[in-house]
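# Coordinate inspection notes
What follows is the residue order along each chain.
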Amino acid sequence: MAIPPPESTPPRAHQPETWALRALGAAQAEASGALARRMQMHPTDLSAMSHVAASDGRLGPRELSTRLGITPAAMTDVVDRLEAAGHLLRERDTADRRRVRLVPTASAASEVRGQLRTLLDGLDALTGEFTSEERDAIHRYLQAATEAYHRFATDDG
């Protein structure tokens, strides 16, 4: 299904793929809200866990507070809640013992995978509708779009 741009937008203001990507982002936010409700978590806590899981153990509380746009004190409350619930571990960085890394627990990862299994299986099934060449192009586009979002998030401009 094609995602049309909003009616108030001048034609060709952005490419259809850009509008589709923005619609995907909105659908992902909606799915995240549903996941938070299913897991009985505050959306901020779930967002924190998403960042921690994607960071591969490289994220500390200070970086996470910056990403979420909350104060370090509020971040401490979030990390304390997630740790008490068994979703998160604080580990000392082996290279810099002063630094704390945040790591999701195996049980939290398993619970999220269980909740998302139907969605992820459906997304995996979609790949069967595309040729290998189309899948390569889609993959390249999504990687480049992800990098563009990261650049935007880290650019103070």
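Higher on the page you've got the structure.
Every value quoted in this text rests on a predicted model; they were computed, and no experiment measured them.

Here is what the cut-offs are and how they apply
Residues numbered from 1 in each chain as written. Predicted model: local features only at pLDDT ≥ 70, side-chain atom pairs only at ≥ 80, totals over all residues. Heavy atoms only, no water. Salt bridge = Lys/Arg side-chain N within 4 Å of Asp/Glu carboxyl O. Buried < 20%, exposed > 50% of the residue type's maximum accessible area, 1.4 Å probe, protein only. Helix = DSSP H or I, 4+ residues; strand = E, 2+ residues; numbered from the N terminus. Expected span 1.5 Å × (residues − 1). Contact = heavy atoms within 4.5 Å.

## Description of the pattern of salt bridges
Scanning the entire structure with this criterion turns up eight salt bridges. For arginine 90, the salt bridge identified is with glutamate 83, shortest N-O distance 2.4 Å. The exposure class assigned to arginine 90 is partly exposed, which follows from its relative accessible area of 33%. For aspartate 93, the salt bridge identified is with arginine 99, shortest N-O distance 3.5 Å. Looking at aspartate 93, the relative accessible area reads 13%, which means it is buried. Assessed through its relative accessible area of 21%, arginine 99 is described here as partly exposed.

## Examining helix α4 (residues 72-84)
With 13 residues, α4 extends 18 Å from end C-alpha to end C-alpha; this agrees with the ideal 18 Å at 1.5 Å per step. If you follow the buried residues of α4, they end up packed against α2 (43-54), α3 (61-68), β1 (88-92) and β2 (100-104). Glycine 86 occupies a position one or two residues after α4 and carries a positive phi of about 85 degrees.

## Points about unusual backbone geometry
Positive phi outside glycine occurs at glutamine 40, with the angle close to 55 degrees. Following the sequence through the fold, glutamine 40 ends up in the loop between α1 (16-38) and α2. Owing to a relative accessible area of 76%, glutamine 40 belongs among the exposed residues under this scheme.

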